[in-house]
Amino acid sequence: QVQLVESGGGLVQPGGSLRLSCAASGFFADRYAITWFRQAPGEEREGLLCITTNADTTYYEDSVKGRFTISRDNANNTVYLQMNNVKPEDTGDYYCAAYPIICGVGLRSIDEYDSWGQGTQVTVSS
């Protein structure tokens, strides 16, 4: 079982940068691939990108390629989402979700993930 806590959200100007954190704890916290999701106001939750336990990455959303990167610090059981050149459409609630070991070629159903964080809000506005 793993517990996830997101942090780092806030207000950022278009073109700016922000780094979100997903801290994992509990037994086998180092045995999970982590996927970042975004839920824009009034829209469904969408998967953005994923990182495996070996730090292999998978992008699920073309709009964040070249702007968002994912990384992990295994010593602290923390996964980061580095958001660069943010756009107003990046506004939303950001969640991290855990699935054992590897990322899927495509997104899993949201109810297949073993754990979710509570989310952190990002607002991109001037």
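Please refer to the structure placed before this passage.
Residues numbered from 1 in each chain as written. Predicted model: local features only at pLDDT ≥ 70, side-chain atom pairs only at ≥ 80, totals over all residues. Heavy atoms only, no water.

(A) Highlighting the pattern of salt bridges. Counting across every chain of the model gives four salt bridges. Across the pair Arg38 and Asp90 runs a salt bridge whose closest N-O atoms are separated by 2.8 Å. Of the two residues, Arg38 sits in strand E4 (residues 32-39) while Asp90 sits in the loop between strand E8 (78-83) and strand E9 (92-100), which places them 52 residues apart along the sequence. By the burial criterion, Arg38 is buried, and Asp90 matches it. Ionic pairing is found between Asp90 and Arg67, a salt bridge with its closest N-O pair at 2.7 Å. Placement of the pair is Asp90 in the loop between E8 and E9 and Arg67 in the loop between strand E6 (57-59) and strand E7 (68-73), with a sequence separation of 23 residues. Judged by relative accessible area, Arg67 falls into the buried class, the value being 7%. Taken together, the shared-partner salt bridges in this structure form one network comprising Arg38, Glu46, Arg67 and Asp90. (Salt bridge = Lys/Arg side-chain N within 4 Å of Asp/Glu carboxyl O. Helix = DSSP H or I, 4+ residues; strand = E, 2+ residues; numbered from the N terminus. Buried < 20%, exposed > 50% of the residue type's maximum accessible area, 1.4 Å probe, protein only.)

(B) Just unusual backbone geometry, in detail. Phi angles above zero are rare outside glycine, and Asn77 is one such case at about 50°. The backbone of Ile101 shows a phi angle near 70°, a positive value even though the residue is not glycine. Since its relative accessible area comes to 36%, Ile101 is described here as partly exposed.

(C) Region of the structure containing the state of the cysteines. Using the criterion set out here, one finds two disulfides in the structure. Here Cys22 engages in a disulfide with Cys96; their sulfurs sit 2.1 Å apart. A torsion of 80° about the S-S bond marks the disulfide between Cys22 and Cys96 as right-handed. You can see Cys22 sitting in strand E3 (residues 18-25) and its partner Cys96 sitting in strand E9, a full 74 residues away along the chain. Of the two residues, Cys22 and Cys96, both sit in the buried class. (Disulfide = S-S within 2.5 Å.)

(D) Summary view of the sheet that holds E7. If you trace the four strands from one edge of the open sheet to the other, you get E1-E3-E8-E7, paired in antiparallel fashion. Looking along the sheet, the strands with just one partner apiece sit at the ends: strand E1 (3-7) and E7. When the angles between neighbouring strand axes are averaged without regard to direction, this sheet yields 20°. Alignment of E3 against E8, held across six bridges, turns out to be antiparallel. (Pairing = 2+ DSSP bridges. Axes fitted to C-alpha atoms, helices over the stretch in contact; angles between N-to-C directions.)

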